[in-house]
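Topology and contacts: notes
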Amino acid sequence: MKDVLIFSEEVAQAKAEQKPIVALESTIISHGMPYPENVQTAKDVEQIIRDRGAVPATIAILNGKIKIGLTEEELEQLGTSRDVEKVSRRDLPYVVAMKKHGATTVAATMICAQMAGIRVFATGGIGGVHRGAEQTMDISADLQELARTNVAVVCAGAKSILDLGLTLEYLETHGVPVIGHQTDVLPAFYSRTSPFHVDYRLDSAADIARFIETKWALGLQGGIVVANPVPEEDELEESYITAIIEQALAEAEQQHITGKAVTPFLLDRVKTLTGGKSLQANIALVKNNAALAADLARELS
Amino acid sequence: MKDVLIFSEEVAQAKAEQKPIVALESTIISHGMPYPENVQTAKDVEQIIRDRGAVPATIAILNGKIKIGLTEEELEQLGTSRDVEKVSRRDLPYVVAMKKHGATTVAATMICAQMAGIRVFATGGIGGVHRGAEQTMDISADLQELARTNVAVVCAGAKSILDLGLTLEYLETHGVPVIGHQTDVLPAFYSRTSPFHVDYRLDSAADIARFIETKWALGLQGGIVVANPVPEEDELEESYITAIIEQALAEAEQQHITGKAVTPFLLDRVKTLTGGKSLQANIALVKNNAALAADLARELS
Amino acid sequence: MKDVLIFSEEVAQAKAEQKPIVALESTIISHGMPYPENVQTAKDVEQIIRDRGAVPATIAILNGKIKIGLTEEELEQLGTSRDVEKVSRRDLPYVVAMKKHGATTVAATMICAQMAGIRVFATGGIGGVHRGAEQTMDISADLQELARTNVAVVCAGAKSILDLGLTLEYLETHGVPVIGHQTDVLPAFYSRTSPFHVDYRLDSAADIARFIETKWALGLQGGIVVANPVPEEDELEESYITAIIEQALAEAEQQHITGKAVTPFLLDRVKTLTGGKSLQANIALVKNNAALAADLARELS
Ligand SMILES: [Mn+2]
Ligand SMILES: [Mn+2]
Ligand SMILES: [Mn+2]
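Where an unreviewed UniProt entry is consulted, chain A appears under the name Pseudouridine-5'-phosphate glycosidase, with the organism given as Geobacillus genomosp. 3. You can read under Catalytic activity (unreviewed entry) in the UniProt record for chain A the words "D-ribose 5-phosphate + uracil = psi-UMP + H2O".

Right under this line is the structure:
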């Protein structure tokens, strides 16, 4: 399988020189944002990582090859192509075996990062336990991946369309630490706050690195959630976004939207009801996470 | 523990010659069918595998020894004996340590197959998330086994007395792929259809083998569900069997049957209400799965 | 990380001489009992283990070092200090990295015992699935630890403020065996009985050792629950303690106590409503478990 994992020139060189590397996911490019904002944001995020002294490794599957680091042409291809599968753990063998294109979720990016020997990964938000999962058992595979794969995930928390309280319970049961970067409370993606506490607040990349190194040195398998609040100037306030989500939930009920259709409906309504503000916040928080991840990767090397 | 794992002559020779091998479980013999249909079916299923160019390895525990491949006498013993424990992961140490007889469930058969270096296993249906498990947490250990043990399980889906939707959610969370063989929808044991989609449809043993080899070559631990619909001529139609299950559920409620007693009650009512038809379908689908498993084992070797 | 794991002189010598060793947790000292009963009980428990021919290894984190075996001064420090964190799997890297003090729960004690090469651990009761977890997903990390870490946990079952039925379902799904020592039913901490059956009753330390050795020899990863009922003379009878818990639950509802506040409230009410009797039972059952664990450690070596 060595021939399935293809490093870009930039990442291969970084590995050879033992430079700090930050993994980036690709569903945000193919499924998370419209073109051309998606490709532009991907490039901007990569540049932020370079500017902080680390090397970005955007991860995707192209023609069945797991690419660790994408060229500009490959970024463009991913950002415009229509036949890109969203790839989680269960899907990875399919896109590789059938030589398809795939954009990696948090779970699959963690897997590929670990294969490539990369320990830090920046994303927007992790998946979690969905609202109503007490009945539907709809729980993102990201959480099981965090329980077993040794990658630190820098994110702005989880989207508040999820059930954040249940997500924290699930992570606790599975022994996954949730670190707050300069925050005592779990950020909720668009907003800096939520009603929930993180496990530990750590205020510097150095302290977070020390935590992570200790975890793995002790042989404690699995990931770490590094929750990094969206910058203040880009935040959609907790009360504002909560009201919008509650409205969206009410609409879903009125329109009898159930099952698998609920999450896309909610995400779409949030986008519409916030105007362009949610996209702007999303871009800002991804950049903010990339910067912290670069600092963290430097501290870890 | 080498001395606990006993290969039959036929299987030992197949291993020495690197021939394709298909594991078979034994609860279907001891607990799943009446005598003598159980022993006859077991022999027929083994012969189908031989006729397709692979070697059958029926797995059971006899006097504390894990038998990989049973002689005719051992099949007979298992099919008629009353003191055979039903063995899942948690029970395996007990029957081995206490030198008991045991028939292996899907979970335990996967474990023993992996110990024996066998990668393909044919069964009737896997266990799953039980109806009402949102309240009872009654979830078969088969699903956790699929999450961690590297064996491909060829089955006709899961019995529809289970909650198929929740079963799929649980497998998704744990990254277990569900492949449909020549079907887009999850078969429901007695019927070829259910309201649920498989993750991927693959139409040949060669394609399924490619998927499986890729999964394990990527280091993605765990099993694969290969869902193979019951042959058309033996099917009990979805609407027919659904109505029977709903009747059985209503009867369980009327008779205040709760907890552990529900599943045996439902299975018994289904058997009675379908007349001999459910047994006939069961036998047909097991044979059908054995044939596909043999093809798959050949492709994998 | 070798320098993080510090063996006491007594335990180091026991390891060198391959003597049987029993791990003990420390939350019972720091969070489970008032001073000075906590320190006195810890010493008594250690002595019981020595008197049965094994060596006690109380486990705690002091100044970021994982101590395997505590001196008298360290026991005293742990029993009187106010700044001792309660440490489960997710917390372990924090207290080690930040050089804090920590008392280990069942989960963390299992982890540290495995690191130290100790296979038997005596405690009061394991954590489990909380009442109402169908809604709250509040499930102790102890259960996942039992699913993966190779340590036998001798306990008096789980406290009946938990949902014992759901706890057993969860353990079954994850393949964790629950052995009853001289009992067919799961003991419920203060009482010798509960409405639930154990998986297997084994009546001697030798038989339990045989079970455990077989499990691990078969390569079946994970722990074993050895459920050992509180001695008859110290038991609070099932009907008595059940009535008290039901009263406490009713009070919690009347006083609108919800979420994380419920468990401490219930434990506190049980303590008050049973007078000193629950503390006395707690001490008796821990001693009783230590004795069985010593016997088991002797049999396993
Ligand atoms: Mn989902
Ligand atoms: Mn069950
Ligand atoms: Mn909890």
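With that out of the way, let us pick up the interface of chain C and chain A. Taken together, the contact pairs 27 residues of chain C with 26 residues of chain A. At the boundary of chain C with chain A, the tally comes to 4 salt bridges. Residue E172 of chain A pairs with K260 of chain C through a salt bridge whose shortest N-O separation is 3.4 Å. For the pair chain C and chain A, the number of links is 8 residue pairs in polar contact (both at pLDDT 80 or more). Breaking the side of chain C that touches chain A down by element, the ones donating at least two residues are α5 (92-97), α6 (106-115), α7 (133-136) and α8 (141-148) of chain C.

Moving on: the side chain of S194 of chain A. Residues and elements named next belong to chain A. Relative to the elements of secondary structure, S194 occurs in the loop between β9 (178-181) and β10 (200-202). Owing to a relative accessible area of 7%, S194 belongs among the buried residues under this scheme. At a separation of 2.7 Å, a polar atom in the side chain of S194 contacts the main-chain carbonyl oxygen of L186. Look past the residues within four positions of S194 in its chain and what remains in contact with it is L164, V185, L186, A188 and E238.

Turning our eyes to something else, we now look at the packing of helix α8 (residues 141-148) of chain A against helix α9 (residues 164-173) of chain A. All names here are of chain A. One can describe the packing of α8 onto α9 by two numbers: an axis separation of 10 Å at closest approach and a directional angle of 30 degrees. Comparing their axes, α9 and α8 come out roughly parallel. As α8 packs across α9, the resulting crossing turns out to be right-handed. Contacts from L143, Q144 and L146 of α8 reach α9 at T167, Y170 and L171.

In this section: helix α13 (residues 277-300) of chain A. Along its 24 residues, α13 of chain A runs 34 Å from first to last C-alpha, staying within 8% of the 34 Å computed at 1.5 Å per residue. In terms of burial, α13 of chain A is largely enclosed, as 17 of its 24 residues are buried.

Once that is clear, we can look at the interface of chain A and chain B. The partner chain B presents 26 residues to the 27 residues of chain A that form the contact. Here chain A and chain B share 4 salt bridges between them. Inspection of the region where chain A meets chain B yields 8 residue pairs in polar contact (both at pLDDT 80 or more). Those elements giving two or more residues to the side of chain A that touches chain B turn out to be α5 (92-97), α6 (106-115), α7 (133-136) and α8 of chain A. With 5 residues, the top contributor of residues to the side of chain A that touches chain B is α5 of chain A. In the side of chain A that touches chain B, the residues fall into 15 nonpolar, 4 polar and 8 charged.

Another point: the environment of V22 of chain B. Residues and elements named next belong to chain B. Mapped onto the elements of the fold, V22 is located in strand β2 (residues 21-24). On the basis of relative accessible area, V22 is assigned to the buried category, the value being 0%. Non-local contacts of V22, meaning those with residues more than four positions away in its chain, are made with I49, A54, V55, P56, A57, I118, V120, A122, A293, A294 and A297.

Reading the values: the criteria
Every residue gets a number counted from 1 within its own chain, in the order that chain's sequence is written. To read the labels, note that chains go from A and ligands from 1, taken in the order they are written. Totals for whole chains, interfaces and linings use every residue, but because this is a predicted model, local features are given only for residues with pLDDT of at least 70 and side-chain atom pairs only at 80 or more, for both listing and counting. Computation of side-chain values covers all heavy atoms of the structure but excludes hydrogens and water. UniProt positions are given in the numbering used here, feature names are shortened, and annotations may be inferred rather than shown by experiment. We call two residues in contact whenever any of their non-hydrogen atoms come within 4.5 Å of each other. Only one rule defines a salt bridge in this text: a Lys or Arg side-chain nitrogen within 4 Å of an Asp or Glu carboxyl oxygen. The definition of a polar contact used here is a pair of N or O atoms within 3.5 Å, where within protein one atom must be able to donate a hydrogen and the other to accept one, and adjacent residues in sequence count solely through side-chain atom pairs. Each helix corresponds to a stretch of at least 4 residues labelled H or I by DSSP, and each strand to a stretch of at least 2 residues labelled E; elements are numbered beginning at the N terminus. A simple rule labels every residue: compare its accessible area, found with a 1.4 Å probe on the protein chains alone, to the largest value its type can have, and call it buried under 20%, exposed over 50%, or partly exposed in between. Angles shown run from 0 to 180 degrees and are taken between the N-to-C directions of axes, each axis being a line fitted to C-alpha atoms and, for helices, limited to the stretch in contact. Working definition: roughly parallel below 35 degrees, roughly antiparallel above 145 degrees, roughly perpendicular at 65 to 115 degrees, and oblique for all remaining angles. Should the near helix be turned anticlockwise from the far one by less than a right angle, the crossing is left-handed, and should it be turned clockwise, the crossing is right-handed. For a helix, the expected span equals 1.5 Å multiplied by the residue count minus one. Residues are sorted three ways: Asp, Glu, Lys and Arg are charged, Ala, Val, Leu, Ile, Met, Phe, Trp, Tyr, Cys and Pro are nonpolar, and all the rest, Gly among them, are polar.

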